[in-house]
Amino acid sequence: MPALEVRNLTKIFGEIRAVDNASFEVPEGSIFGLIGRNGAGKTTTIRMLMNIFIPTSGKIIFKGAPIDQTFRARVGYLPEERGLYKKMKVLETVLFFSEVKGKRGKRVTEKAREYLERFELTNRINAKVETLSKGNQQKVQFISTLLHDPDFLVLDEPFSGMDPININLLKDIIQEKRRDGKVIILSTHLMDYAEKLCDHIAMIHKGQVILNGNLSEIKTDYSKNSVKLMHEGDISFLDNHPMVRNVTKFGNSVGIELTDINQTQDLLKLLLEHNVKINSFDVNDIALNEIFVKLAGSAPKEEFNFDKL
Amino acid sequence: MINYRILAVIKRELREKLMTKSFIVMTLLVPVFMFGLIGIQVLMAGYKGDKGTRIVLITEMESLTDQCRGYLSEQDFVRDGTYILSYDTVSKQSLKKHIESSKKEILSEKINGIIYIPSTALKTKKIEYYSKTPNNAVVFEKLDNCINEVLIDRYFSEKDLTDEELNFVRKNVSFDGFKVSEKEEIEAEGFGKTGLAMLFSFLIYMSVIFSSGATLNSVLEEKNSKVVEVLLSSVNSRELMTGKIIGCTITMFVQMVIWLLPVIILTTTSWFALPDWWPDLNIGYGQFIYFLINFLLACIIFQGLSATVGAMFDNPQEAQSGFFPVIILIMIPFFLCFSMIRNPSNPIAIAASYIPFATLMVMPFRSTIVDIPVWKLVLSQLINIATIMLIFPISGKLYRIGILKSGTKPTLREVFRWLKSPE
């Protein structure tokens, strides 16, 4: 039985279908990525999971039963738009957010101190939140999400606004939580992070789930005839080459779709002949980004903001 | 039902509002401010600013002039130099000329005024006052009794009355109020209860105005700092609103009890030797308990309304415009209470005792100065409870929808759309 099941979830705001008949399953002990562009409907989906929005139709099933307060008490939620009480002290803040989840006492306070130490905030324990830097406020927010030891972590764009060191710390903690058997639902528009962290994904585009399942299986399915290349030099000669069906560029990597997978050696030879310096040449590999572009196309989409309705 | 989530919100509210320096300062400052305000008012009303007033008193008859001089020079305000009086006798025909000749002195305020007592005043008691400021109530207040007594003395001097009879004639009628109630005894009643009723109204007004403003700002802050979304992942909007209202109400209640404690002790116990002028309030614990129940319901109602307004708007400026109707609901009953000082049984006050929102302030005021049957007191509380039951589903819905909205200021039409929407 999946830990969480979303069935035909729809949310309509006036004329706009923010989430349209979305269905996916979140397996036990997984890091589940809810991925898509800004305004695709990820946050609205998460807000329905958190019972902040009531779905127009559809169901969210937690361990076989519709979600209720029990689910909310077991979730740690980091919203995209972070928010803390500015006048509250750091320790008071994290303890308060734990208390509304029903966890308090000496052990929780000890745990809070441990987290604050890990995030290098021990010396700011009695400082008011408003006196902290934005980065430190993010850390306090993250500790507030974790302190009550939730079985589910719902993280909406967790890496935004964080420096690389803290991003690594965050990633470490996410991995730790997975090892402890917790379920992590990660919403992000950054495919690279999702690709590195998640083992299951649901891809949302214009409110619809266009792809979902185990990430490695998805990649295997989509990587047939594909080569993931990291290189230095000009490869524009591939654009109209008969053995190449498609070339897609993603930052420092390129996805090359061949007409026949048996031509990989020929492709390698062709690149060397054109003096292209090859850093990486992965056969039958495909970037998540490439899959997304294949499915959703590159057509720009109006960013949807439910707040404006 | 209060659960651990609501409790956590209540605790946070109490930590933020009750256990702070601003609470202590506010609790101490309001009585200082209140008594300061009353003190200044009394001082200003008592200040006459008439030291060194120069009055020329003219009569038409020499003997009357002498009589006035004899009587007035014995008065304290003349002896201590507050009033400097000079006397003259001028016939009615020459008065105009006399005034003309004194015009310069009157205009330069060397003389503040001329009082003219014609012979006809002995029958009509009509006297004239010529001055740059002819409607100076302070001068009339000071001199009208004295002149009246001189005229009375003069009138009755030919009637062969004894001093005792003359004193009787001089006296005015004095009303002593006696309260007829269900009790066996008929008790004398002063103005102490009216004072206490005013105190009750003033305290409700001040407390509700201040705390409603604080709640409005606190909800706005939660909304703007986006902390509300984190909260709503743990508590639902109803629990959040309930926790907030209970937290604020407890804070206000504690504050009110602190404010009332000295009054309760002074009026219901004999622990202190009170000065003679202290009014016998003859008021029991019941009245205070009734007031506090009423206050509690006022807190709940107005905290709910303020939280709703705070949730509907994005910034303090816009929220103030939405808050105005709430302020009106507090202000009108407060002014109604003042109309009851002269006549506590006026029909508007009686009607307002049973009108939602107004009853919160009007009924405790009336019940302090008039005996009201218990069933009517209970009826007023039932109206309050009915008001809560009617407005809270609406407030709750507006709060739930408004708290996650941002952008433009909602129009009245949009607010109705929110109310009609299924979520």
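Scroll up a little and you will see the structure.
Below, the structure is looked at part by part.

### Description of the overall build of chain A
Scanning chain A from N- to C-terminus turns up 10 helices and 14 strands. Along the three orthogonal principal directions, the C-alpha set of chain A runs to about 65 × 45 × 40 Å. Counting every position in chain A, which comprises 309 residues, the buried fraction comes to 40%. Look at the contacts in chain A between residues 6 or more apart in sequence, and 71% of them connect residues 24 or more apart.

### Re the sheet that holds strand β2 (residues 16–26) of chain A
Residues and elements named next belong to chain A. One open sheet holds the four strands; their spatial order is β2-β1-β4-β5, and the pairing between them is antiparallel. A strand with exactly one partner marks an edge of an open sheet, and here the two such strands are β2 and β5 (65–66). Summarising the sheet, strand β1 (residues 4–13) and strand β4 (residues 57–62) pair through five bridges and their orientation is antiparallel. By the bridge assignment for β4, Thr-10 is matched with Ser-57.

### Focus: the interface of chain B and chain A
Residue-level contacts link 19 residues of chain B with 21 residues of chain A. Taken together, the elements giving at least two residues each to the side of chain B that touches chain A come down to α1 (4–17) and α10 (227–232) of chain B.

### Digging into the pairing of strand β1 (residues 53–59) of chain B
Consecutive side chains of a regular strand alternate in pointing toward one face of the sheet and then the other. All names here are of chain B. Across the seven residues that make up β1, a large majority, six, are buried. Across seven bridges, the pairing between β1 and strand β2 (residues 83–89) is parallel. Counted as the bridge partner of Thr-59 is Thr-89 from β2. Where β1 and strand β3 (residues 113–117) come together, five bridges link them in parallel fashion. The partner of Thr-59 across the bridge, within β3, is Ile-117.

### Considerations on the packing of helix α3 (residues 62–72) of chain B against helix α7 (residues 137–157) of chain B
All names here are of chain B. Running from amino to carboxyl end, α3 crosses α7 at an angle of 130°, the nearest separation of the two axes being 10 Å. It follows that α3 is oblique to α7 by the angle criterion. Seen from above, α3 lies across α7 with right-handed handedness. Residue-level inspection shows Leu-64, Gln-67, Cys-68, Tyr-71 and Leu-72 of α3 in contact with α7, the latter providing Cys-146, Glu-149, Val-150 and Arg-154. A per-class count over the contact of α3 with α7 returns six nonpolar, one polar and two charged.

### Details of the nonpolar core
Counting residues in hydrophobic clusters, the biggest one holds 134 residues, and the most contacted among them are Val-154 and Leu-186 of chain A. Counting residues per element, this core draws most heavily on helix α12 (residues 285–312) of chain B, at 15 residues. Every residue in contact with Val-154 of chain A, bar those within four places of it in the chain, is listed here: Ile-46, Leu-49, Met-50, Val-75, Tyr-77 and Ile-185 of chain A. In terms of nonpolar packing, the next biggest core, distinct from the first, is built from 18 residues, Cys-68, Tyr-83, Ile-115 and Ile-147 of chain B among them.

### Let's talk about the pairing of strand β11 (residues 226–232) of chain A
Examined bridge by bridge, β11 of chain A and strand β13 (residues 253–258) of chain A share four bridges and lie antiparallel to one another. Paired with Val-227 of chain A across the strands is Ile-256 of chain A, a residue of β13 of chain A.

### Things to note about the environment of Glu-80 of chain A
Residue and element names in this part refer to chain A. Mapped onto the fold, Glu-80 is located in the loop between β6 (75–78) and α3 (90–99). For Glu-80, a count of 18 C-beta atoms within 10 Å puts it in the partly exposed group. Sequence separation between Glu-80 and Phe-13 is 67 residues; the distance between their C-alpha atoms is 20 Å. The contact partners of Glu-80, leaving out residues within four places of it in the chain, are Thr-43, Asp-156 and Glu-157.

### Quick look at unusual backbone geometry
Notably, Lys-63 of chain A is not glycine yet its phi reads approximately 45°, a positive angle. Within the secondary structure, Lys-63 of chain A sits in the loop between β4 and β5. Take Lys-63 of chain A: there are 15 C-beta atoms within 10 Å of it, and that puts it in the partly exposed class. In the Ramachandran plot, Lys-226 of chain B falls in the positive-phi region, its phi being about 65° despite a non-glycine side chain. Tracing the backbone shows Lys-226 of chain B in the loop between α9 (192–224) and α10.

### Concerning the packing of α12 of chain B against helix α15 (residues 359–369) of chain B
Residue and element names in this part refer to chain B. Axis separation between α12 and α15 bottoms out at 9 Å; the angle between their running directions is 175°. For the element pair α12 / α15, the angle class is roughly antiparallel. In contact with Gln-287, Tyr-290, Phe-291, Asn-294, Leu-297 and Ala-298 of α12, α15 contributes Leu-360, Met-363, Pro-364, Ser-367 and Thr-368. Classifying every residue of the contact of α12 with α15 gives seven nonpolar, four polar and no charged.

### Here's the deal with the sheet that holds β11 of chain A
All names here are of chain A. Across the sheet, which stays open at both edges, the four strands sit in the order β12-β13-β11-β14 with antiparallel pairing between neighbours. Each edge of the open sheet is held by one strand with a lone partner, namely β12 (244–250) and β14 (277–283). In this sheet, adjacent strand axes meet at a mean angle of 20° when their direction is disregarded. Of the pairings in the sheet, the one linking β12 to β13 comprises six bridges and is antiparallel in character. Of the residues in β13, the one forming a bridge with Val-244 is Leu-258.

### Some remarks on α15 of chain B
An α-helix turns once every 3.6 residues. As a result, residues three or four positions apart point the same way. Taking burial as the measure, the 11 residues of α15 of chain B include 11 buried ones, the bulk of the element. Every buried residue of α15 of chain B is accounted for by Thr-359, Leu-360, Met-361, Val-362, Met-363, Pro-364, Phe-365, Arg-366, Ser-367, Thr-368 and Ile-369 of chain B.

Calculation criteria
Residues numbered from 1 in each chain as written. Chains lettered and ligands numbered in written order. Predicted model: local features only at pLDDT ≥ 70, side-chain atom pairs only at ≥ 80, totals over all residues. Helix = DSSP H or I, 4+ residues; strand = E, 2+ residues; numbered from the N terminus. Buried ≥ 20, exposed ≤ 12 C-beta atoms within 10 Å, placed from the backbone. Contact = placed C-beta atoms within 7 Å. Pairing = 2+ DSSP bridges. Axes fitted to C-alpha atoms, helices over the stretch in contact; angles between N-to-C directions. Parallel < 35°, antiparallel > 145°, perpendicular 65-115°, else oblique. Left-handed = near helix turned anticlockwise from the far one by under 90°. Nonpolar A, V, L, I, M, F, W, Y, C, P; charged D, E, K, R; others polar. Core = buried A, V, L, I, M, F, W, Y, C linked by C-beta atoms within 7 Å.

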